[in-house]
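Per-entry structural report
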Number of protein chains: 2
Amino acid sequence: MKEQDVANELKILALESINHAGSGHSGSVLSCGDILYTLYTRHLLSSTLKNRLRDRFVLSNGHACAMLYAILAGLNYFDIKEMKNFIKYGGMLTGHPEIDINGIDADTGPLGQGVANAVGMAIAETIMYARFKVDNYTYCMTGDGCLEEGVALEALSIAGLYRLNKFILLYDKNDVTLDGKLTLSSADDMAMKFRSMNFNVIECDGHDIEKIDNAITQAKKSVDKPTVIIFHTIIGKDTALAGSNLSHGKVFDIKEIDELKKRYNINKPYMDLSIEAKAVLNQKHLKIIKMLDKRVDKFENYMQNNDKIKKNYQKFINNKFSFNIKHRDEIMSTREANGVVLNEIGKTVENLIVLSADLSSSTKVKINDGGQYSCTNRFGKNIALGVREHAMGAIANGLALYGGLNVITSTFLTFSNYMLPAIRMSAIMNLPILFVFTHSSIFDTPDGITHIPVEQLDQLRLIPHMIVSRPCDIEECVETYKWWFTLRRPICMSLSRCNLPSFPRYENMDKGAYVLNPYKADINIMASGSEVCIANEVKNVLKDKVKVNVISVPSIEIFEMQDRVYKNKLLKNPLFVIESSTCAKYLKYAPEEQIFSVKDFGRTGDEASLKKHYGYTAEAISKKIFKILKKLKIFE
Amino acid sequence: MKEQDVANELKILALESINHAGSGHSGSVLSCGDILYTLYTRHLLSSTLKNRLRDRFVLSNGHACAMLYAILAGLNYFDIKEMKNFIKYGGMLTGHPEIDINGIDADTGPLGQGVANAVGMAIAETIMYARFKVDNYTYCMTGDGCLEEGVALEALSIAGLYRLNKFILLYDKNDVTLDGKLTLSSADDMAMKFRSMNFNVIECDGHDIEKIDNAITQAKKSVDKPTVIIFHTIIGKDTALAGSNLSHGKVFDIKEIDELKKRYNINKPYMDLSIEAKAVLNQKHLKIIKMLDKRVDKFENYMQNNDKIKKNYQKFINNKFSFNIKHRDEIMSTREANGVVLNEIGKTVENLIVLSADLSSSTKVKINDGGQYSCTNRFGKNIALGVREHAMGAIANGLALYGGLNVITSTFLTFSNYMLPAIRMSAIMNLPILFVFTHSSIFDTPDGITHIPVEQLDQLRLIPHMIVSRPCDIEECVETYKWWFTLRRPICMSLSRCNLPSFPRYENMDKGAYVLNPYKADINIMASGSEVCIANEVKNVLKDKVKVNVISVPSIEIFEMQDRVYKNKLLKNPLFVIESSTCAKYLKYAPEEQIFSVKDFGRTGDEASLKKHYGYTAEAISKKIFKILKKLKIFE
């Protein structure tokens, strides 16, 4: 059986699945089908996600997943019967690729993200290769729309900068996007654009298996540059809608699929493959496994002869590192405190990788003796990504997906908005990344309205699965790292630029919210970060009239994990909240009148003037609290 | 007095202001000072923001604002004494440029945004030129870091696509970013990159006034392409930190500034300019005003001879349009309803401009007979921007800043995350843009987890000044447009993909929340969008046991503007809430147990299965409500 016929059978299977689901994207199945077929049957060494030496593949144009699923089914990644449940509720094969499916290296869907994920994976490979000779390629499929996204463009510059020669971008250039011809939305000379970003550029017919094969073979030989293969393809190829954007989200009916089958001269069972095609695919699969086994053997031989490296490798991939931080009783900002903690941890936790979006001088998120990662130093633990916050987030996701590394990013809290789509993906995939943000309050910067965070903390807290931490001092910074190491979930940590004292405390810091110096009090004040200090001042101002317990809340999400008894204990007194943010999540604990929140954007000015302006002084807050207590008839 | 000396005086003034403020960015003052001087004294025709024919200027690298302020002060845009209050609380000259300052055309700070704003202004100019011969240039200053941002890259492709020949990008290429040499974070060949995006590229010494002048003169002559002038400059020029990233955020002390003054051979009063420099600048300013007056005369002559066009122009710039929509009682999705409303409104509101990020086929946000904007049709009302959501948001801001146009954008609600930094800027600047988002609920798409909105609605609601609307039918869509036209504020509107009925109602729809068919009830249920339908079903299920009033909440923000009497009337009964979102803002009105919200990401599946899965059926909700009422001992 000719290979083109096998590829065509897989395309038909994909179209049938879309028809069966009543939803999906048929146009791209026919546009990228031959490329994916060639990649998976001749080059991509993979068979299960458990194999850490597998080549990685990211379908950044995730809507083309029906074709990918058909190929994975054909190559025994999972049972072909699963195709019948494509997009169905409870089925394994979701509307866009998800990592719970064997063979899927990254959740994709929002365009551009996948390209950046793949760049992250390729960076991870260079790190793991330098240390352990872990050796694989990273392939990424993309399309015209995907490459219009800023996050993809940011990441591609990084691939060129770091000369990721084992990163191969398969560009399904069908010159069509959902709304029409590509000329409607782009006049870019893409080959030139890639060359400007330090890429090898190969142009190739995307519907000729041998030519595709040759192009990929050539790309794999690159020594010092990433490669893009611009595959010229036809969307909806061989159908009445060939070349038209109308084929993009089209669900072909059975009659149309039958016509295509006739045109392809294919006779295969519905929602299945012919015995001949299966035989070809089985053979291909075995060959791929053999090639992958060879790579594994080579790696294991290397490990056997290097016991120290082997042990270290095991520590990396199983994250068998621990740390022990001594208490420091110093006045400093929590960004500085975090810098201290990070560098202490870095002494024993060897697999830390720190990404920065050009603000490490200010965020202080840097491993001082970790070296700068570069194309000549793959051992460097600090990776500069330029002013590319969005790509930083998505590249962090790629590094985390690759495995074996503890990834940290940093920028200012306001700019978390730039990273939000990537941060959301980290939560969806539950990737244990520590996203550090500094300049956490409206009093933290003289740079004016655009640099002042107000709603960002709550916007991050709203993301399902996300843990947000806002430490008040170095101890709570350390605690955040403990959560990160034990829970293995994504955490956003927000840090101050202002100097803050370190607080003495006794217990329950690990519970996300806890009373500092508890005693029998009349009211409680919850606060986080720099506002814990203000809450303490309020406590002192009020002390002759009202007894106050200050509850430090480094993390609402961790607090929410505690049992009801513990939670109720903290919530039983009349409760006030002080936080320099919109405070939406605290509405669960206290009525709006008792929450000191920010309702407007900040403004330019010095800390003292702004605190006065916004009424965030101990005097102003104490006065208001006392007034409310009187109104509530708690004190008269 | 030599012009270079005048420019140097202005640089010294900027450095003194930074020193006086104790904060600011000195490096870029010395790097872009000569370019800004030349632009403002020889080319940029502007003097007050009131002049609609002025050239526009956006300082996308907003941190360089001290230099811009110094020049604006020197050219009498405002009193030079204001420099003493630079970055001070209550001062006019904020830490980054803000549009409240005369001479500032856009708030900037978050990098990349300004480039996209300027592209939006340049698009606006082509539209206003085609219709009214409003004729001006748009200049934008950018730097190495600014051009690393995806939003800038997205927007530049648009500038090339639409052949914005009056868009001139002044690229202060000092090859340094905050964290170090540019080579640390970029290996891009920027000239080639710009050429790939259809730009003219001019390279120029950025410290030679005559050469800068020539380059700008040449750029202004471009007929069919935007132009970038790559100015080669030195950060921190002429100081001990010349060429070093350490000059970036440096505050030079008086001694260092004195050394520079000596080097420049300048003798000027502290925080002021010499009489000679003032004389030169005054003369320059008068010349600029003369040139601008000439432009205004030409325009006014044209208007005088075209009475119909003049009237229409007045209607555009004063937004003197109205609309009148008939009620339709049809079952349709609110995305379809909005399409109907938009096209009805488009019949009389001639200045509507609709931007789309390649999903207009799905969002239905399109003016059907409005034509497609292109470089050969500047009258087209639909502007395709490709899959570039972030640039779409920032370009919308630019169009709105230009004035005279009513701007609408559209994409899916999940992808609002991609646009968030730009949406935030629209709220900061209070730009009346209508951001439309479809696929508004977790039941609205079979595309799986990455395409399903959960937290987005609340994330938008958290932005200060933002109004969020989630209509339940066509009537509430119309109401949203009324809010837009009367309040002149940014609005995010979220629309369903599922079909929904149209509801009969009597009054108070304009109040953001109101009772549908009010009668004497035991409890109230608040709901928005597609969940109003579920709330009505719950009302029917419960009717023999509990009397329910359904409160439709198209906009919490509008509801919050109402007086206490009205609000209390709606909130007095035991209140339940049903919304397919995280529902954070409703915590203000009801305890968490009484809010039916989504706490997790969605999943792939059909509407009916997912509603069952998440307990969003009338049966499941009614049961729960009844159980809670029993627990509350309201019914026993």
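Bear in mind the structure is a predicted one, so any value in this text is a computation, not a measurement. (Residues numbered from 1 in each chain as written. Chains lettered and ligands numbered in written order. Predicted model: local features only at pLDDT ≥ 70, side-chain atom pairs only at ≥ 80, totals over all residues. Heavy atoms only, no water.)

The next point concerns the interface of chain A and chain B. Across the boundary between the two partners, chain A contributes 97 residues, which contact 97 residues of chain B. With both chains or domains summed, chain A and chain B bury close to 7,800 Å², and 59% of this area falls on carbon and sulfur atoms. On the surface where chain A and chain B come into contact, there are six salt bridges. On the surface where chain A and chain B come into contact, there are 45 residue pairs in polar contact (both at pLDDT 80 or more). Of all the secondary structure elements, the ones that give two or more residues to the side of chain A that touches chain B are helix 5 (150–161), helix 6 (190–196), helix 12 (360–363), helix 13 (389–402), helix 14 (416–428), helix 15 (456–461) and helix 20 (607–613) of chain A. When residues in the side of chain A that touches chain B are grouped by element, the largest group, eight residues, is from helix 14 of chain A. Classifying every residue of the side of chain A that touches chain B gives 37 nonpolar, 36 polar and 24 charged. (Contact = heavy atoms within 4.5 Å. Buried area = accessible area lost by both parts, 1.4 Å probe. Salt bridge = Lys/Arg side-chain N within 4 Å of Asp/Glu carboxyl O. Polar contact = N/O pair within 3.5 Å; in protein donor to acceptor, adjacent residues only side chain to side chain. Helix = DSSP H or I, 4+ residues; strand = E, 2+ residues; numbered from the N terminus. Nonpolar A, V, L, I, M, F, W, Y, C, P; charged D, E, K, R; others polar.)

Let's shift gears to helix 4 (residues 113–132) of chain B. Taking 1.5 Å of rise per residue, the 20 residues of helix 4 of chain B would be expected to cover 28 Å, and the 28 Å separating its terminal C-alpha atoms lies within 8% of that figure. Across the 20 residues of helix 4 of chain B, 18 count as buried, placing the element largely inside the fold. (Expected span 1.5 Å × (residues − 1). Buried < 20%, exposed > 50% of the residue type's maximum accessible area, 1.4 Å probe, protein only.)

Attention now moves to the pairing of strand 17 (residues 575–578) of chain B. All names here are of chain B. Across the two faces of strand 17 the burial is the same, with Leu575 and Val577 and Phe576 and Ile578 all buried. For strand 17 and strand 18 (residues 595–596), the ladder comprises two bridges, and the chain directions are parallel. Paired with Val577 across the strands is Ile595, a residue of strand 18. (Pairing = 2+ DSSP bridges.)

Throughout the structure, instances matching the rule amount to 62 salt bridges over all chains. One salt bridge connects Glu531 of chain A with Arg470 of chain A, and the closest N-O pair in it is separated by 2.8 Å. Residue Glu531 of chain A is found in helix 17 (residues 531–542), and its partner Arg470 of chain A is found in the loop between strand 12 (467–469) and helix 16 (474–487); the two are separated by 61 residues along the sequence. Exposure remark for Arg470 of chain A: the relative accessible area of 1% places this residue in the buried category. Where Glu344 of chain B meets Lys347 of chain B, a salt bridge forms, and the shortest distance between an N and an O atom there is 3.2 Å. Of the two residues, Glu344 of chain B and Lys347 of chain B are both situated in helix 11 (residues 334–348); the distance of three residues between them amounts to about one turn of the helix. Each of Glu3, Arg42, Glu210, Asp213 and Lys284 of chain A takes part in one network of salt bridges that share partners.

Here we come to the packing of aromatic side chains. On inspection of all chains with the given rule, the structure shows 44 aromatic pairs over all chains. Centre to centre, the rings of Tyr586 of chain A and Tyr589 of chain A are 6.5 Å apart; their planes meet at 70°, and the pair counts as edge-to-face. Look at Tyr586 of chain A and you get buried, because its relative accessible area is 0%. Ring plane angle 55° and centroid distance 5.3 Å describe the contact between Phe443 of chain B and Tyr616 of chain B, whose orientation is recorded as tilted. Of this pair, Phe443 of chain B sits in the loop between strand 11 (433–438) and helix 15 (456–461) while Tyr616 of chain B sits in the loop between helix 20 (607–613) and helix 21 (618–631), placing them 173 residues apart in sequence. Judged by relative accessible area, which is 3%, Tyr616 of chain B ranks as buried. Through pairs of rings, three or more aromatic residues link up here, namely Phe132, Phe299, Tyr313, Phe316 and Phe321 of chain A. In this structure, Lys133 of chain A is placed above the aromatic ring of Tyr129 of chain A, and the distance from its NZ or CZ to the ring centre is 5.0 Å. (Phe/Tyr/Trp six-rings, centres within 6.5 Å; stacked < 30°, edge-to-face > 60°. Lys NZ or Arg CZ within 6 Å of the ring centre and 35° of its normal.)

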